[in-house]
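The chain contents come next:
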Amino acid sequence: MKDHAGQSISVWMATAELPSFSKLLMNEQADVCVVGAGIAGLTTAYLLGRAGKSVIVLDDGPIVSGETERTTAHLMTALDDRYFDLERLHGEKGARLAAESHSAAINRIEEIVCEEHIDCDFERLNGYLFMPPGKSTGILDREMAAAQRAGLSDVHMVARAPITSFDTGRTLCFPRQAQIHPIKYLAALAQAITRDGGRIYTGTHAAKIEGGKSARINTQDGHTVTASAIVVATNTPVNDLLAIHTKQAAYRTYVIGATVPAGSISKGLYWDTSDPYHYVRLSVGSDVLFVGGEDHKTGQADDAEARYLRLEKWARSRFSMMTDIVFRWSGQVMETVDGLAFIGRNPMDEPNVYIATGDSGNGMTHGTIAGMVLTDLIQGRDNAWATLYEPSRKTLGALKIFAKETLNVAAQYAGWVTPGDVKKDVLVPPGSGAVIRRGLKKIAVYRDDAGKLHEMSAVCPHLEGIVAWNPAEKTWDCPCHGSRFDRFGKVVNGPAITDLPAEEPPAH
Ligand SMILES: Cc1cc2nc3c(=O)[nH]c(=O)nc-3n(C[C@H](O)[C@H](O)[C@H](O)COP(=O)(O)OP(=O)(O)OC[C@H]3O[C@@H](n4cnc5c(N)ncnc54)[C@H](O)[C@@H]3O)c2cc1C
Ligand code: FES
């Protein structure tokens, strides 16, 4: 079984159990095979199962061992990308469909929670968007008008957010957002999938994915699943070489959790408009405050400690009742060039291969929308949101950001000609990693706590970027398209589908 997507532990991982499933040990067949058991994969499998389809879910870790266990699980129509930007990029109709689909996703989660009697701390609450100090609130006025045009007629301005310890100033209120405990929710969804006849296999790495008449998934252990349709819900598609990866970029984001006296902060979802912005919520008992932010492109910074400290400073200066920091974790989000997910047929592939990716920081609702859209498409039914989320779309208004991200990726290939992080593997301390140069080769070296060296190629098997050591999560992260590997080189995040090849250390 591969490692989780990092060493840090989120509040959800610390407070709930997941059911365990076995490895796939023989060839199997189903109507639909879903690869990836995060919110997108499990929601899709659940809805397909309810619609009477036979479903197999494969995951190479335990279920929910990707980014879903690292979320802060704000369920919101207050999207990370502003509605006035979505209007510019997708038109007024597109912005309306975006608002409608995210509202519907929150409603769908609520319905599932009720129908399945899931005890997962689902709670409706208001969301508040405010400006950093000293900035004009004109953006909030523009956003209110655009959100209302998009159909969110109850979005309104308030004099300040209901936080007593600091004055947010004029704040935009999005009523009836929600929060949830994602692991409790998905543990129950997984059980419902198997109750409805679905089969879930973990520790099962999809090594090759082929659509067409005899669509099949070959696993690393040599077994095959055949299916009429395949859904690749691996957060970022592992079956797509370039088409999607030029239209989205991987960002690392950080969260701290601090104890606060229960009830000292009004429950709500809170965001500011800084870049990168801060996101805030409370635990179900209102006694832990979570503050996230400090995002950077994956593999392009290794200063997690400083980022956690900056988050703490930001939070302490606003929430003076904060005492101990009890959680620190990080995770990855996929930012698309036009602010919305890619859900539908995989471009340049057979018509029965589907993907769900590009969470844009709203992956809990985008993952749920994926389940709704893909269930319709696989059954040959129309879906009103399918065109908006179509993965092959080209958004003209996003050309500038597309060019900026493309240049940033190109610059990362300089890693081939730079010296290593240290000169020799003997300089790598226990429990740590570094990239070294050996002749023309770049080698990723990890020294375990017992002092043993583990060496692998530092060349990412996706498109040959040079990976970087992530000291906070003890992973190797690729700065090009966000592939990540555990300390021993096992792939934990696509787009790479294979591990970093092992290298033999030279005799010293
Ligand atoms: C710190 C943080 C805060 C966030 N906050 C919010 C928020 O408040 N609201 C919100 O809406 N979104 C938020 N997000 C985003 C959201 O959590 C994610 O977008 C979402 O959980 C991703 O779900 P997923 O199903 O696409 O991917 P994942 O949960 O990553 O699932 C993908 C699965 O695929 C498996 N897999 C990968 N490759 C293979 C393979 N080859 N074979 C088999 N299995 C494979 C992985 O093991 C994994 O289990 C946040 C994310 C982070 C990191
Ligand atoms: S993720 Fe594309 S080269 Fe590494």
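Going by the structure above, here's the rest.
Residues numbered from 1 in each chain as written. Chains lettered and ligands numbered in written order. Predicted model: local features only at pLDDT ≥ 70, side-chain atom pairs only at ≥ 80, totals over all residues. Heavy atoms only, no water.

A. Quick peek at the site of ligand 1. Around ligand 1, the surrounding shell holds 36 residues, and the nearest of these are Lys2, Asp59, Glu67, Thr68 and Met364. Interatomic distance of 3.1 Å between a backbone N/O atom of Ile39 and an oxygen atom of ligand 1. In isolation ligand 1 has 1000 Å² of accessible area, and contact with the protein removes 96% of it. Mapped onto the shell around ligand 1, the elements with two or more residues apiece are helix H2 (39-50), strand E11 (248-259), strand E15 (325-336) and helix H7 (363-378). Considering only residue class, the shell around ligand 1 consists of 11 nonpolar, 19 polar and 6 charged. (Near = heavy atom within 4 Å. Polar contact = N/O pair within 3.5 Å; in protein donor to acceptor, adjacent residues only side chain to side chain. Areas by Shrake-Rupley, 256 points an atom, 1.4 Å probe, with all protein chains shown as cover. Helix = DSSP H or I, 4+ residues; strand = E, 2+ residues; numbered from the N terminus. Nonpolar A, V, L, I, M, F, W, Y, C, P; charged D, E, K, R; others polar.)

B. Layout of the packing of aromatic side chains. Summed over all chains, the structure comprises 12 aromatic pairs. Judged by centre distance (6.3 Å) and plane angle (85°), the ring pair of Phe327 and Trp329 falls under edge-to-face. An aromatic cluster is built from Trp12, Phe290, Phe327 and Trp329, whose rings are joined through pairwise contacts. Between the NZ or CZ atom of Arg142 and the centre of the ring of Phe84, over which it lies, the distance is 3.9 Å. Sitting over the ring of Phe166, Arg318 keeps its end group 5.8 Å from the ring centre. (Phe/Tyr/Trp six-rings, centres within 6.5 Å; stacked < 30°, edge-to-face > 60°. Lys NZ or Arg CZ within 6 Å of the ring centre and 35° of its normal.)

C. Region of interest: the nonpolar core. Grouped together as the largest cluster of nonpolar side chains are 92 residues, with contacts concentrated most on Tyr83, Phe122, Phe174 and Tyr185. The element best represented in this core is helix H3 (residues 83-115), accounting for 13 residues. Split by domain, this core shows at least three residues from each of two domains, domain 1 (11-71 + 183-240 + 339-403) and domain 2 (123-178 + 246-336). Other than its neighbours up to four places away in sequence, Phe174 contacts Thr77, Ala78, Tyr83, Asn126, Gly127, Leu129, Glu143, Ala147, Leu152 and Val155. (Core = buried A, V, L, I, M, F, W, Y, C linked by side-chain atoms within 4.5 Å. Buried < 20%, exposed > 50% of the residue type's maximum accessible area, 1.4 Å probe, protein only. Domains from an automatic or database assignment. Contact = heavy atoms within 4.5 Å.)

D. Representation of the sheet that holds strand E20 (residues 453-457) in the model. In spatial order, the strands read E18-E19-E20; together these 3 strands make up an open sheet with antiparallel pairing. Among the strands making up the open sheet, the edge pair consists of strand E18 (432-438) and E20. Direction aside, neighbouring strands of the sheet carry axes that sit 25° apart on average. Across 7 bridges, E18 lies against strand E19 (residues 441-447) in antiparallel orientation. Bridged to Arg437 within E19 is Lys442. (Pairing = 2+ DSSP bridges. Axes fitted to C-alpha atoms, helices over the stretch in contact; angles between N-to-C directions.)

E. Broad picture of unusual backbone geometry. At the junction of Asp275 and Pro276, the peptide bond is cis and its omega measures out at -5° in the coordinates. The residue Pro276 is located in the loop between strand E12 (269-272) and strand E13 (279-282) in this model. Phi at Ala73 is positive, roughly 55°, even though this residue is not glycine. Take Ala73: it is sitting in the loop between strand E2 (55-58) and strand E3 (74-75). With a phi close to 50°, His117 is a non-glycine residue in the positive phi region. Since its relative accessible area comes to 71%, His117 is described here as exposed.

F. Broad picture of a nonpolar patch on the surface. Together, Leu396, Leu399 and Phe402 make up a nonpolar patch on the protein surface, roughly 320 Å² of accessible area in all. Structurally, the position occupied by Leu396 is in the loop between helix H8 (386-389) and helix H9 (399-412). (Patch = residues over 30% accessible without salt bridge, like charges linked within 9 Å, V, L, I, M, F, W, Y side chains within 5 Å. Salt bridge = Lys/Arg side-chain N within 4 Å of Asp/Glu carboxyl O.)

G. Main features of the environment of Ser360. Turning to its location among the elements, Ser360 is positioned in the loop between strand E17 (353-357) and H7. Exposure remark for Ser360: the relative accessible area of 0% places this residue in the buried category. It is 8.8 Å that separates the C-alpha atoms of Ser360 and Gln248, two residues lying 112 residues apart in sequence. When residues no more than four places from it in sequence are discounted, the contact partners of Ser360 are Asp80, Asp81, Met334, Glu335, Thr336, Gly339, Leu340, Ala341 and His366.

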